[in-house]
2 protein chains.
Amino acid sequence: MQIAVVLFDRFTALDAVGPYEMLSRAPGAEPVFVAERTGAVRNDSGSLSLVADRTLADTPAPDVVIVPGGPGQSDQMENQALLGWLRTVDATSTWTTSVCTGSLLLAAAGLLTGRRATSHWLALDVLETFGAAPTGERVVFDGKYVTAAGVSAGIDMGLTLLGRIAGDEHARTVQLLTEYDPQPPYDCGSPEKAPAAMVGEWRARSRFILT
Amino acid sequence: MQIAVVLFDRFTALDAVGPYEMLSRAPGAEPVFVAERTGAVRNDSGSLSLVADRTLADTPAPDVVIVPGGPGQSDQMENQALLGWLRTVDATSTWTTSVCTGSLLLAAAGLLTGRRATSHWLALDVLETFGAAPTGERVVFDGKYVTAAGVSAGIDMGLTLLGRIAGDEHARTVQLLTEYDPQPPYDCGSPEKAPAAMVGEWRARSRFILT
């Protein structure tokens, strides 16, 4: 089972590594990090590089596709090399997935039209403009399309999908071995739970961030 | 505020990226990935490389040190280049931290003697042999030493420490922007919550994993 994790300039590292850490523990998993060109790909803050070991062109038929998000997503929205690859591999993938604003790339490739999907809470409106039906849920399954909310939601997506792929018992074992028993020190991780002023401030700022 | 994330062969990626994703969002943060040599460092499964941009030698005085764990930790327990560097930078660090079996490296460097600390649940006994006082807590503060339990616990450690460094309001904002509102699909993420048979099986296996 080849799992292709897509990298592009200014992606968010946890978007990619969260679901990778869960799904790479499936029996028979062959994860591979892919990008237009092989080599180091810088993340959003520029302080971390992950290495793409394969090019998109050399990865024509992954079983699972994971598309992370991050500020760099906006530069990819008309990149036909990436969007065309997403359409091509989606034709034969078992699961096509995204984390955070990665769903906007799936949507731009035309893969989420008429489908229930999610994204970072600040990007749900944009997702709708591509004909998807955004939900406020953290992990959304619609057929073989699995989308996760912002950044850390990719871990929940990865573990949930691992259960579908490898069974609940295996997924529970991975949860135990990765000690995924989250205990956030605050309860401010969604727009429903955060103070309205904080949410409003970021909604205002996001008009300039997400285009 | 320089934040040095230590890489070594066969580290666990989420151990490093989880706290990095939180702490790198502190005002004035200058995160840097460091290793004995610069260049790509392979993770535990061999399918992902993170790039070390600086050598340990070129990073003599970070403000925050983050030591991940992973199967490769056991090969580092007598690596005096790494252990000596940990002792040196600890002399001037503001915070010395670890995730998962990274605490065994801090302990091997002599930094946790007599201190409350934690590690992956399968490694708590080993931690004790180095004179530390292991607790079953997910994130443990003892002075400037902050240790986290297995793999995913580094995210909770990072967000908790971000609150100490940058204030609760900033940390809550980061929680909202990374949408850290975890919703695991199972409740099996600790030895207290997992079935006894599953826990027992892995305790038996770990005698061969952790040395």
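Residues numbered from 1 in each chain as written. Chains lettered and ligands numbered in written order. Predicted model: local features only at pLDDT ≥ 70, side-chain atom pairs only at ≥ 80, totals over all residues. Heavy atoms only, no water.

## Overview of the pattern of salt bridges
Evaluation of the coordinates by the stated rule reveals 22 salt bridges over all chains. In this structure, Arg10 of chain A and Asp75 of chain A form a salt bridge, with 3.0 Å as the shortest nitrogen-oxygen distance. Highlighted residues: Arg10 of chain A in the loop between strand S1 (2-6) and helix H1 (13-23) and Asp75 of chain A in the loop between strand S6 (64-67) and helix H2 (80-90), separated in sequence by 65 residues. Arg138 of chain B serves as the salt-bridge partner of Asp156 of chain B, at 2.6 Å between the closest nitrogen and oxygen. One end of the pair, Asp156 of chain B, is in helix H5 (residues 153-166); the other, Arg138 of chain B, is in the loop between strand S9 (133-134) and strand S10 (139-142), and 18 residues separate them in sequence. For the pair formed by Asp156 of chain B and Arg138 of chain B, the shared burial category is buried. (Salt bridge = Lys/Arg side-chain N within 4 Å of Asp/Glu carboxyl O. Helix = DSSP H or I, 4+ residues; strand = E, 2+ residues; numbered from the N terminus. Buried < 20%, exposed > 50% of the residue type's maximum accessible area, 1.4 Å probe, protein only.)

## Examining the UniProt feature "domain: DJ-1/PfpI" (unreviewed entry) in chain A
When the UniProt feature table is mapped onto this chain numbering, "domain: DJ-1/PfpI" (unreviewed entry) sits at residues 2-162 of chain A. For residues 2-162 of chain A, the helix share is 28%, the strand share is 26%, and the end-to-end C-alpha distance is 14 Å. (UniProt positions renumbered as here; feature names shortened; annotations may be inferred.)

## Considering the side chain of Ser152 of chain B
By the secondary structure assignment, Ser152 of chain B is in the loop between strand S11 (145-148) and H5. Here Glu179 of chain A takes part through its backbone oxygen, which lies 2.8 Å from a polar atom of the side chain of Ser152 of chain B. (Polar contact = N/O pair within 3.5 Å; in protein donor to acceptor, adjacent residues only side chain to side chain.)

## Some points on the relation of the copies chain A and chain B
Structural alignment of chain A on chain B gives an RMSD of 0.0 Å, achieved by rotating through 180° and translating 0.0 Å along the axis. Taken together, these values place the two copies in the relation of a two-fold axis. Of the C-alpha atoms belonging to chain A, the one lying closest to the rotation axis is found on Leu50 of chain A, 2.3 Å away. Here 100% of the contact residues of chain A are again contact residues in chain B; the copies associate through an equivalent surface. (Least-squares fit on C-alpha atoms with pLDDT ≥ 70 in both. Contact = heavy atoms within 4.5 Å.)

## Focus on the packing of aromatic side chains
What the rule picks out here adds up to 4 aromatic pairs over all chains. When the ring of Trp95 of chain A is compared with that of Phe141 of chain A, the centres are 5.9 Å apart and the planes differ by 85°; the resulting orientation is edge-to-face. Of this pair, Trp95 of chain A sits in strand S7 (residues 95-99) while Phe141 of chain A sits in strand S10 (residues 139-142), and the two are 46 residues apart along the sequence. The positively charged end of Arg164 of chain B is found above the aromatic ring belonging to Phe141 of chain B, 3.8 Å away from the centroid. Residue placement shows Arg205 of chain B over the ring face of Trp202 of chain B; its charged tip is 4.2 Å from the ring centre. (Phe/Tyr/Trp six-rings, centres within 6.5 Å; stacked < 30°, edge-to-face > 60°. Lys NZ or Arg CZ within 6 Å of the ring centre and 35° of its normal.)

## A few points about unusual backbone geometry
All names here are of chain A. One non-glycine residue with positive phi stands out, namely Cys100, at about 55°. Inspection of the secondary structure puts Cys100 in the loop between S7 and helix H3 (102-108). A positive phi angle is found at Val151, which is not glycine, with a value near 35°. Since its relative accessible area comes to 3%, Val151 is described here as buried.

## A closer look at helix H5 (residues 153-166) of chain A
Three- or four-residue spacings in an α-helix give side chains the same orientation, since the helix completes a turn every 3.6 residues. All names here are of chain A. With 14 residues, H5 extends 20 Å from end C-alpha to end C-alpha; this agrees with the ideal 20 Å at 1.5 Å per step. Buried residues dominate H5, accounting for 11 of its 14 residues. Within the sequence span of H5, burial applies to Ala153, Gly154, Ile155, Asp156, Met157, Gly158, Leu159, Thr160, Leu161, Leu162 and Gly163. Looking one or two residues past H5, Gly167 carries a phi angle of roughly 95°, positive in sign. (Expected span 1.5 Å × (residues − 1).)

## Some points on the environment of Ala26 of chain A
Residue and element names in this part refer to chain A. Among the structural elements, Ala26 can be located in the loop between H1 and strand S2 (30-35). Judged by relative accessible area, Ala26 falls into the buried class, the value being 6%. For the pair Ala26 and Arg203, spaced 177 residues apart in sequence, the C-alpha separation works out to 38 Å. Residues contacting Ala26, with those up to four places away along its chain left out, are Met1, Leu162 and His170.

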